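One letter stands for each residue in the lines below.
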Amino acid sequence: MSLPTTTDAIIIGKTGGLEVIEKKTIPFPKPEPGSIVIKVGEFKVDNFSSLIAIQVEYLGINFIDVYYRKGLYPYKELPAVLGKETAGTIVALPTDKAVLNDETFKKNRFKVGGKVAADFLGTHATYISVPWKSVYPVPDNVSTRTAAAGILQGLTAYTFFEEAYKVKKGDKILVHTVAGGLGLLMAQLGHARGAIVIGTTSTPEKAELAKQNGAAHVILYKNEDTVTRVLEITNGEGVEGVFDGVGKDTFDNNFKLIKRKGTIVSVGNASGPVELFSPMRLVEKNVALLRPTMNNYTYTPEEAYHYGKKVFELIGDGTLKINIFKEYPFTAEGVRQAQNDLVGGKTTGKLIVKVTSD
């Protein structure tokens, strides 16, 4: 078979506002021996039409896309392809014998035509070439639409609940912005583990959605004082764990509502990065503070295989339900609108981009 020489991609030529987002046709790089080539769009491949069985493919939109677009997280060079979450169909496998003989590679049972999801920077394009350890097989009972909407946030929720702070039965945890894509998965996972999930959100409608997804208590932060309400709910003790994707605006108050020997997990920077502070702030309650990234929990092939398998098992059996808020077209305007809606605070659940037409 022959691979395409070009691919359509969502790119930025410089960092900045939404206006820097473009869709362009760019050269498709020659795959490395240890990479997997994934079809995420409808692109004709010579003598390979039988493998274009699933023509509807999707991309996930995330806050990290915004961070890279704004320059908060730097690309090594520009122009660069945006995005790090996608799902599609394998069209070519690695040729490196060391990879093919790797035991973890074999466990994944990758095959040409198989459904997969990928978590790798620079993959919002119709064709991508991705290191095999960043590719996750999608089981038969999960669609690529669901996979693209769930792989990154599913891995984040599960690894953070396992390794950043091990959420267990009876724990009281606070999840900021609980009605977002990640927040809803954390509410579901916390509830499934028997924890008491307290969430914050902006509207009664979002609060109801969070409760339907496992949150026991939801605080309307625009109308209620979050610290006061958390202490009321916990009888003055505070929570064992805080998962905070807001950042600057909520960081200080986390220390007022965390329990002695509790753990604050800084998940993201929706309101801006946390300002510098003295480690002495941790002394009062012997607080543990982490700013992890999911990719450091899925760093090795063995870790990626283990956590990917667990996440898709939870999605497949319904423990984790992927809430898709809206679907956008694969255009510069579509991606701009998706990012704008994401940071505007008016969405719930996950935003995705549909790459191909039916």
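Our structure is the block above this text.
Scoring rules and cut-offs
Residues numbered from 1 in each chain as written. Predicted model: local features only at pLDDT ≥ 70, side-chain atom pairs only at ≥ 80, totals over all residues. Heavy atoms only, no water. Helix = DSSP H or I, 4+ residues; strand = E, 2+ residues; numbered from the N terminus. Rg over C-alpha atoms; globule rule 2.2 N^0.38 Å. Contact = heavy atoms within 4.5 Å. Areas by Shrake-Rupley, 256 points an atom, 1.4 Å probe, with all protein chains shown as cover. Expected span 1.5 Å × (residues − 1). Buried < 20%, exposed > 50% of the residue type's maximum accessible area, 1.4 Å probe, protein only. Pairing = 2+ DSSP bridges. Right-handed = clockwise from strand over helix to strand, strands pointing away. Axes fitted to C-alpha atoms, helices over the stretch in contact; angles between N-to-C directions. Core = buried A, V, L, I, M, F, W, Y, C linked by side-chain atoms within 4.5 Å. Salt bridge = Lys/Arg side-chain N within 4 Å of Asp/Glu carboxyl O. Parallel < 35°, antiparallel > 145°, perpendicular 65-115°, else oblique. Left-handed = near helix turned anticlockwise from the far one by under 90°. Nonpolar A, V, L, I, M, F, W, Y, C, P; charged D, E, K, R; others polar.

Student: I tried to follow the overall build of the protein on my own but got confused; where do I start?
Tutor: Counting secondary structure elements, the protein contains 10 helices and 17 strands. Computed over its C-alpha atoms, the radius of gyration of the protein comes to 21 Å, within 12% of the 21 Å expected for a compact globule of 358 residues. Oriented by its inertia axes, the alpha-carbon framework of the protein measures out at about 65 × 45 × 35 Å. Considering only residue pairs separated by 6 or more positions, the protein has 71% of its internal contacts joining residues 24 or more positions apart. A total accessible area of about 16,100 Å² is found for the protein, and carbon and sulfur atoms account for 51% of it.

Student: How should helix H10 (residues 332–343) be read in this particular structure?
Tutor: Two residues of an α-helix separated by three or four positions point the same way, owing to the 3.6 residues in each turn. With 12 residues, H10 extends 17 Å from end C-alpha to end C-alpha; this agrees with the ideal 16 Å at 1.5 Å per step. Inspection of H10 places Ala 332, Gly 334, Val 335, Ala 338, Gln 339, Asp 341 and Leu 342 among the buried residues, and these make up the whole buried set. Where H10 is buried, its residues touch strand E1 (6–12), strand E2 (21–27), strand E4 (58–61), helix H1 (63–70), strand E16 (324–329) and strand E17 (350–354). Looking one or two places after H10, you find Gly 345, whose phi comes out positive at around 75 degrees.

Student: In this structure, what is going on with the pairing of strand E10 (residues 172–175)? I would like to understand it.
Tutor: Within a regular strand, side chains alternate between the sheet's two faces. Of the two faces of E10, the one lined by Lys 172 and Leu 174 and the one lined by Ile 173 and Val 175 are each fully buried. Strand direction decides the pairing type here: E10 and strand E11 (residues 196–201), joined by four bridges, are parallel. Within E11, the residue paired with Lys 172 across the bridge is Ile 196. Taken together, E10, helix H5 (residues 181–192) and E11 constitute a β-α-β crossover, and its handedness is right-handed. Across three bridges, the pairing between E10 and strand E13 (residues 239–244) is parallel. When the sheet's bridge partners are listed, Leu 174 is paired in E13 with Val 242.

Student: Please clarify how the sheet that holds E1 should be interpreted in this entry.
Tutor: A sheet is described by the order of its strands in space; here three strands give the open sequence E2-E1-E5, paired in antiparallel fashion. With partners counted over all chains shown, the strands left at the sheet margins are E2 and strand E5 (80–81), one partner each. Relative to E5, E1 is paired through two bridges, and the arrangement is antiparallel. Bridge assignment links Ile 11 to a residue of E5, and that residue is Val 81. H10 contacts E1 and E2 of the sheet and is inclined by roughly 135 degrees relative to E2.

Student: Which parts of the structure should I look at to understand unusual backbone geometry?
Tutor: Backbone phi values are negative for most residues with the exception of glycine, while trans is the configuration of most peptide bonds. Geometrically, the link from Leu 78 to Pro 79 is a cis peptide bond, its omega value of 0 degrees lying close to zero. Residue placement: Pro 79 occurs in the loop between H1 and E5. You will see that Lys 261, though not glycine, has its phi angle at about 65 degrees, which is positive. Residue position: Lys 261 is located in strand E14 (residues 258–266). Look at Asn 286: it is not a glycine, yet its phi comes out positive at around 55 degrees.

Student: Just checking my understanding: could you explain the nonpolar core for this structure?
Tutor: Nonpolar side chains tend toward joint burial in soluble globular proteins. One finds Phe 160, Ile 173, Met 186, Phe 243 and Phe 312 to be the most contacted residues of the largest nonpolar core, which totals 47 residues. Contributing elements (two or more residues each) for this core: helix H4 (144–164), E10, H5, helix H6 (204–212), strand E12 (217–220) and helix H9 (301–316). Examining the composition of this core, we find that 11 residues originate from one element, H4, more than from any other. Beyond its immediate chain neighbours, meaning those up to four positions away, Phe 160 contacts Tyr 165, Met 186, Phe 243, Val 265, Val 267, Pro 292, Thr 293, Met 294 and Tyr 297. Core analysis: the second largest hydrophobic core is formed by 18 residues, Ile 10, Tyr 328, Ala 338 and Leu 351 among them.

Student: How should I be thinking about the sheet that holds E14 in this particular structure?
Tutor: Within a sheet, adjacent strands bond to each other through the backbone by hydrogen bonds, running parallel or antiparallel. Strand order across the open sheet formed by six strands is E12-E11-E10-E13-E14-E15, with parallel pairing between neighbours. At either end of the open sheet lies a strand with only one pairing partner, and these are E12 and strand E15 (288–290). The average undirected angle you get between the axes of adjacent strands in this sheet is 15 degrees. Sitting on the sheet, H6 is in contact with E11 and E12, with an inclination near 165 degrees to E12.

Student: Could you clarify how one ought to interpret the pattern of salt bridges in this entry?
Tutor: Enumeration according to the criterion identifies 17 salt bridges in this entry. In this structure, Lys 106 and Glu 103 form a salt bridge, with 3.6 Å as the shortest nitrogen-oxygen distance. Taken together, the residues span about one helical turn, with Lys 106 and Glu 103 both in helix H3 (residues 103–108) at a distance of three residues. The exposure class assigned to Lys 106 is partly exposed, which follows from its relative accessible area of 42%. A residue is classified by how much of its surface remains accessible, and Glu 103, at 52% relative accessible area, is exposed. Ionic contacts of the salt-bridge type, sharing partners, join the residues Lys 172, Glu 237, Glu 240 and Lys 259 into one network.

Student: Got a minute to help me understand the packing of H4 against H5 in this structure?
Tutor: Geometrically, a packed helix pair is captured by the angle between its two axes and the distance between the axes. Interaxial distance between H4 and H5 falls to 9 Å at its minimum, and their mutual angle equals 45 degrees. Taken together, the axis directions place H4 and H5 in an arrangement best described as oblique. When you trace H4 past H5, the crossing you get is right-handed. Residues Gln 153, Gly 154, Thr 156, Ala 157, Tyr 158, Phe 160 and Phe 161 of H4 form the contact with H5, whose own contacting residues are Gly 181, Leu 182, Leu 185, Met 186, Leu 189 and Gly 190. Tallied by class, residues from the contact of H4 with H5 come to eight nonpolar, five polar and no charged.

Bear in mind that shape data such as this cannot, by itself, settle questions of function.
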